[in-house]
Amino acid sequence: MSEIKDKMVERFMEYVSFDTQSIDDATCVPTSEGQFVFARYLEQKLKDMGLEDVLLDDKGYLYATLPANCDAELPVIGFIAHLDTSPDMSGKDVKPRLVQNYDGNDIVLDAAEGIVLTTAAFPEVKEYVGHDLIVTDGHTLLGADDKAGIAEIVSAVEYLQAHPEIKHGKVRIAFNPDEEIGRGAHNFNVPLFGCDWAYTVDGSCEGEIEFENFNAAGATFNIQGCNVHPGYAKGKMLNALRVATALVEAIPSEQSPECTEGYEGFYHLMGINGGVDSASVSYIIRDHSKELFDERMKFMEKVADDINSRYGEGVVTLDLKVQYRNMREMVEPKMYIIDLVKSAMEQAGVQPKVKPIRGGTDGAQLSFMGLPCPNLFAGGINFHSRYEFVSVQVMEKSVMTIVKIIEGVVNQKI
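Bear in mind that the values here come from a model prediction, so they are computed numbers and not experimental data.

Caption draft 1: Structural view of the overall build of the protein. Within the protein, the secondary structure is distributed over ten helices and 18 strands. A compact globule built from 414 residues should have a C-alpha radius of gyration of about 22 Å, and the protein, at 24 Å, falls within 12% of that. Projected onto its principal axes, the C-alpha positions of the protein cover 85 × 55 × 40 Å. For the protein, the residues scored as buried account for 55% of the 414 residues in total.

The structure is reproduced here in structure tokens:
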């Protein structure tokens, strides 16, 4: 893979120069013009590479095809990454820097302002001693989430083009907007993509394979109080904020994100808004188990009923909406697509690490849209942060994993 290492790094450095933050409260698609600018740039680059069926639609979704180079009847597989970066921190004027042969010490990002990626705060960085790390100057995120994924997919395609002796079927790639705000799959054209299955390349540490994610819902309790002058409030006032406090106390705090890990689900208090007359309390609900998730939904309904029994019928109304489901139920009937990845990783010198996602991905939504779509590692660490970094060596292994997956479809006669 050393033959494409320099080009891969150059490609990634160019990609992160594009400001592509998605905007949560925007109604247009994509939610920021920068995503369209980046998509147009990639569109031309894919055409220059000679890919077929290159299409950028009016919503910023970019599709392309690496045609088959053998006559065998093979499944069509796809690889997907997202164009946007998180709105949690600025992605404008990113200044990436290559730290060669990392020595295991703190990495100074900005000496003048004392911004340092310390091993005390981020001990995981010491796992990358000897690697070449790409970091920021400490004033923006890096954008490895998910421009590393885009660079790896494009680099894998380039590698296959340079090695026609590697036989493969038709491969589709797609780059979509607005993943970071949960809308990446909303306008994805699954029939146009035309794949039997696909992989998002949007994970973190080397070897990660994720095909289990949270079942997710949003719950908003709307509270109607009664506000009167506090000097004459006895027997009349119903303070919506006090009702909100009682409601929050009814939901177990030990089942919150800060107290859970792994497969454990939670109730996450997102906001309390309002005043004496009216208020709202918003939660997100997460659990990997469908049964436990359904129980959590019923529990929220019970909380609303109990509060109404205490304060009066109709004081609380509950708006409960499922956001996405665990993709496992869609992937499990086709576990050969996971076995294929494990084999590919082993051939690429990567130890497979199957782990659940404590969150959601575009792949979860796409899986329920008829496109089974597990998530693979891209190599970035400390996403959404000024301390984000990525290992060049891990990026190379991601590229080789993608190549071996594509090659494996032929060799394993799936």
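Caption draft 2: Structural context of a nonpolar patch on the surface. Taken together, Leu241, Leu269 and Ile272 make up a surface patch of nonpolar side chains, about 220 Å² in accessible area. Assignment of secondary structure puts leucine 241 in helix H5 (residues 240-249).

Caption draft 3: Structural detail: the environment of phenylalanine 122. Note that phenylalanine 122 resides in the loop between strand E6 (115-117) and strand E7 (133-135). Residue class for phenylalanine 122 comes out buried when judged on its relative accessible area of 17%. Sequence-wise, phenylalanine 122 and isoleucine 284 are 162 residues apart; in three dimensions their C-alpha atoms are separated by 28 Å. Once residues within four sequence positions are removed from consideration, phenylalanine 122 is found in contact with Leu117, Asn382 and Tyr387.

Caption draft 4: Just the pattern of salt bridges, in detail. Going through the model one piece at a time under the given rule, you end up with 16 salt bridges. Of the charged contacts, one joins aspartate 24 and arginine 183 as a salt bridge, the two residues approaching to 4.0 Å between their closest N and O atoms. Of this pair, aspartate 24 sits in the loop between helix H1 (2-15) and helix H2 (33-48) while arginine 183 sits in the loop between strand E8 (171-176) and helix H4 (190-193), and the two are 159 residues apart along the sequence. By relative accessible area, which is 22% here, arginine 183 ends up partly exposed. For the salt bridge of glutamate 210 with lysine 355, the shortest nitrogen-to-oxygen distance reads 3.3 Å.

Caption draft 5: Local environment of the packing of helix H8 (residues 336-347) against helix H10 (residues 392-411). Following both chains from N to C, one finds H8 and H10 inclined at 125°, their axes separated by 8 Å at the closest point. Compared by their axis directions, H8 and H10 come out oblique. In this structure, H8 crosses over H10, and the sense of that crossing is right-handed. Touching Leu340, Val341, Ala344, Met345 and Gln347 of H8 are Thr401, Lys404, Ile405, Gly408 and Val409, all from H10.

Caption draft 6: Main features of the environment of proline 252. Relative to the assigned elements, proline 252 resides in the loop between H5 and strand E12 (266-274). Through-space distance from the C-alpha of proline 252 to that of phenylalanine 266 is 9.2 Å; in sequence the pair is 14 residues apart. Setting aside its immediate chain neighbours within four residues, proline 252 contacts Tyr267 and Phe299.

Caption draft 7: Representation of unusual backbone geometry. Omega for the peptide link from valine 29 to proline 30 comes to -5°, which places this bond in the cis form. Tracing the sequence through the fold places proline 30 in the loop between H1 and H2. Note the cis peptide between aspartate 145 and aspartate 146, where omega equals 15°. The residue aspartate 146 is located in helix H3 (residues 144-162) in this model. Despite not being glycine, aspartate 93 has its phi angle at roughly 55°, a positive value. Checked against the element boundaries, aspartate 93 lands in the loop between strand E3 (77-82) and strand E4 (97-99).

Caption draft 8: Fine view of the side chain of asparagine 215. Structurally, the position occupied by asparagine 215 is in strand E11 (residues 215-224). The exposure class of asparagine 215 is buried, given its relative accessible area of 1%. A polar atom in the side chain of asparagine 215 sits 2.9 Å from the backbone nitrogen of asparagine 326.

Caption draft 9: A look at the state of the cysteines. Using the criterion set out here, one finds zero disulfides in the structure. This cysteine, cysteine 195, is not joined by any disulfide, and cysteine 373 carries the nearest cysteine sulfur, 9.0 Å off.

Caption draft 10: Representation of the packing of aromatic side chains within the structure. Overall, the coordinates contain 16 aromatic pairs when judged by the stated rule. Pairing tyrosine 61 with phenylalanine 188 gives two aromatic rings, centres 6.2 Å apart and planes at 85°, and the pair type is edge-to-face. You can see tyrosine 61 sitting in the loop between strand E1 (52-56) and strand E2 (62-66) and its partner phenylalanine 188 sitting in the loop between E8 and H4, a full 127 residues away along the chain. The burial state of tyrosine 61 is the same as that of phenylalanine 188; both residues are buried. Centre to centre, the rings of tyrosine 63 and phenylalanine 193 are 6.2 Å apart; their planes meet at 50°, and the pair counts as tilted. Placement of tyrosine 63 in strand E2 and of phenylalanine 193 in helix H4 is noted, with a sequence separation of 130 residues between them. Neither residue differs from the other here; tyrosine 63 and phenylalanine 193 are each classed as buried. Its end group placed over the ring of phenylalanine 38, lysine 147 keeps NZ or CZ at 5.3 Å from the ring centre.

Parameters at a glance
Starting afresh in each chain, residues are numbered from 1 along the sequence in its written order. Given that this is a predicted model, residues contribute local features only at a pLDDT of at least 70 and side-chain atom pairs are listed and counted only at 80 or more, while totals for whole chains, interfaces and linings are drawn from all residues. For the side-chain quantities, the full set of heavy atoms in the structure was used; hydrogens and water were omitted. Every helix listed is a DSSP run of H or I at least four residues long, and every strand listed is a run of E at least two residues long, numbered separately from the N terminus. The quantity called the radius of gyration is restricted to C-alpha atoms. Its globule counterpart is 2.2 Å times the number of residues to the power 0.38. Working definition: with a 1.4 Å probe on protein chains only, accessible area under 20% of the residue-type maximum means buried, over 50% means exposed, and in between means partly exposed. Every patch collects residues that have over 30% relative accessible area and no salt bridge, joining them within 9 Å if they carry like charges and within 5 Å if they are nonpolar side chains (Val, Leu, Ile, Met, Phe, Trp, Tyr). All accessible areas in this document rest on Shrake-Rupley with a 1.4 Å probe, and a residue is counted as covered only by the protein chains that are shown. When a carboxyl oxygen of Asp or Glu is within 4 Å of a side-chain nitrogen of Lys or Arg, the pair counts as a salt bridge. By definition, residues are in contact when any of their heavy atoms lie within 4.5 Å. For helices, the fitted axis covers only the stretch in contact; all axes are lines through C-alpha atoms, and the angles between them, taken along N-to-C directions, range from 0 to 180 degrees. Orientation labels follow simple angle bins: below 35 degrees gives roughly parallel, above 145 gives roughly antiparallel, 65 to 115 gives roughly perpendicular, and whatever is left gives oblique. Here a crossing is called left-handed whenever its near helix is offset anticlockwise from the far helix by less than a right angle, and right-handed whenever the offset is clockwise. Here a polar contact is taken to be a pair of N or O atoms separated by no more than 3.5 Å, where protein atoms must pair a possible hydrogen donor with a possible acceptor and residues adjacent in sequence count only if both atoms sit in side chains. The definition used for a disulfide is geometric: two cysteine sulfur atoms within 2.5 Å. Each Phe, Tyr or Trp ring, with Trp reduced to its six-membered ring, pairs with another whose centre is within 6.5 Å; inter-plane angles below 30 degrees give stacked pairs, above 60 give edge-to-face pairs, and intermediate values give tilted ones. Should the NZ of a Lys or the CZ of an Arg lie within 6 Å of a ring centre and within 35 degrees of the ring normal, that charge is described as sitting over the ring.

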